[in-house]
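Structural description and commentary
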Amino acid sequence: MAFTQIMDFASQDIFKVCVNRYKGNYKAKQFSCWKQFLCMAFGQLTHRQSLSDTLLCLALNRDKLYHLGIGEAVNKSTLSRANENRDWQIFKDFALKLIEQAKLLYEGDSQLEVNLKGRVFALDSTTVDLCLEVFLWAPFRSTKAAIKIHTLLDLKTSIPEYIFISEGNVHDVKTMDLISVEKGSYYVMDKAYVDFERLFSIRQQKAYFVVRAKENLQFRRIASRTPDKPAGILCDQDIQLTGINTQKRYPERLRRIKFYDEEYDRTFVFLTNNFSVKAQTVAQLYKHRWGVELFFKWIKQLAPFEKRPLHEVFLHIEKQDVKEQNYIQLKII
């Protein structure tokens, strides 16, 4: 079966190391962590809508369960209890190993139009509305609950580098404190992430950023570069911030690029600390930020949050952590 062939890429030896690290099979008689993983992976890959849907589909293929590696049909209570009680770090560690394998497959096969040496990341978030009566730990408005999924997506591989879950009212810019900045990499962000103190921190760590400028930006022009008008570049300038606070938070010069998108009849203004790449390259990098929006669309289509409990979408989220702090790291999808 296709499912068995796909699971062949998931090394059982590596999985056993993860299980033994956290004693995941302690007191487990028949339903091991590996069988739990197979059941959840089957539901994910076949787009099941719930645990009941997943187990019903498996039960209808009872004669094939042996070849799937599951053996016998599984009760919903057995799988639910395993998801609730077993250490989520088993699956987190295994997922990170699988991500490492997936990254190797994309080496030298960039999905970007631009040719850059460093890695390219897009940082963004999406809000997921929840029922306040069910998810009391995620208040958003007086009548609504919500969470935010903050994602740092590698645009060259379309594989997320980091995912964070926060309460719905946490500002996007705060997640910039959580990511590990990689030297020589590019971080592409929307205007919600314009915080010059944090952007200067990226500059000090010898990385690059591309961010949309806000309309009320205060600056003075230091020099102008020759714009490539046929490519949509209206201006390419070196600037210095002049705001009372912004010039202290980012004391060095910045590059300001104004770009006209003829296809959508829109004008964008970008800020970056990279002065060597072409202005058109900066505009293309921001265009590829759309990859993170496609990732969010895929997540929501694959897992309709409004129709099933959150614990069936994500394997485990420590709800107590959400109450005690404004954000938590997503354990594993």
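Residues numbered from 1 in each chain as written. Predicted model: local features only at pLDDT ≥ 70, side-chain atom pairs only at ≥ 80, totals over all residues. Heavy atoms only, no water.

1. Section: the overall build of the chain
For the chain, the helix and strand inventory stands at 13 helices and 11 strands. Here the contacts in the chain between residues at least 6 apart in sequence split such that 56% fall between residues at least 24 apart. If you sum the accessible surface of the chain, you get close to 18,500 Å²; carbon and sulfur atoms cover 48% of it. (Helix = DSSP H or I, 4+ residues; strand = E, 2+ residues; numbered from the N terminus. Contact = heavy atoms within 4.5 Å. Areas by Shrake-Rupley, 256 points an atom, 1.4 Å probe, with all protein chains shown as cover.)

2. Here we look at the environment of G243
You can see G243 is positioned in the loop between β8 (233-241) and α9 (246-249). The exposure class assigned to G243 is buried, which follows from its relative accessible area of 5%. (Buried < 20%, exposed > 50% of the residue type's maximum accessible area, 1.4 Å probe, protein only.)

3. Describing the confidence of the model for the chain
If pLDDT is low for a region, its predicted coordinates should not be looked at in detail. Taken over all residues, the pLDDT of the chain has a mean of 85, while the share at 70 or more is 87%. The low-confidence segment residues 304-333 (pLDDT under 50) makes 72 contacts with residues lying over four places distant or belonging to another chain. (pLDDT = per-residue confidence, 0-100.)

4. Re the packing of helix α3 (residues 33-45) against helix α7 (residues 89-105)
The N-to-C vectors of α3 and α7 enclose an angle of 65°; their axes lie 12 Å apart at closest approach. It follows that α3 is roughly perpendicular to α7 by the angle criterion. The handedness of the crossing between α3 and α7 is right-handed. Together, C33, Q36 and F37 of α3 and I90, F91 and F94 of α7 make up the contact between the two elements. For the contact of α3 with α7, the residue count by class is 5 nonpolar, 1 polar and no charged. (Axes fitted to C-alpha atoms, helices over the stretch in contact; angles between N-to-C directions. Parallel < 35°, antiparallel > 145°, perpendicular 65-115°, else oblique. Left-handed = near helix turned anticlockwise from the far one by under 90°. Nonpolar A, V, L, I, M, F, W, Y, C, P; charged D, E, K, R; others polar.)

5. So, the environment of R225
Within the secondary structure, R225 is located in strand β7 (residues 219-225). You can call R225 partly exposed: its relative accessible area is 27%. As for R225 and A279, which are separated by 54 residues in sequence, their C-alpha atoms are 9.5 Å apart. Sequence-distant contacts of R225, defined by excluding residues within four places in its chain, comprise D236, D238, R255 and F275.

6. Remarks on the pattern of salt bridges
Any two side chains of opposite charge can pair, given that their charged atoms come close. Following the criterion strictly, the structure yields 17 salt bridges and no others. In this structure, D172 and K148 form a salt bridge, with 2.9 Å as the shortest nitrogen-oxygen distance. Here K148 lies in strand β3 (residues 144-154) and D172 lies in the loop between β4 (159-167) and β5 (186-189), a separation of 24 residues in the sequence. Here the two residues D172 and K148 agree in accessibility, since each one is buried. (Salt bridge = Lys/Arg side-chain N within 4 Å of Asp/Glu carboxyl O.)

7. Quick look at the nonpolar core
Core analysis: the largest hydrophobic core is formed by 35 residues, its most contacted members being L116, V120, L130, I147, I149, F270 and L285. Counting residues per element, this core draws most heavily on helix α10 (residues 279-287), which supplies 5 residues. If near-sequence neighbours (up to four positions away) are discounted, L285 is found in contact with V114, L116, V120, Y186, V188 and V210. (Core = buried A, V, L, I, M, F, W, Y, C linked by side-chain atoms within 4.5 Å.)

8. Concerning the packing of helix α4 (residues 51-60) against helix α6 (residues 76-85)
Interaxial distance between α4 and α6 falls to 10 Å at its minimum, and their mutual angle equals 130°. Judged on the interaxial angle alone, α6 and α4 are oblique. Like other packed secondary-structure pairs, α4 and α6 cross with a definite hand, here right-handed. Here α4 contributes L51, S52 and L55 to the contact with α6, which in turn contributes K76, L79, S80 and N83.

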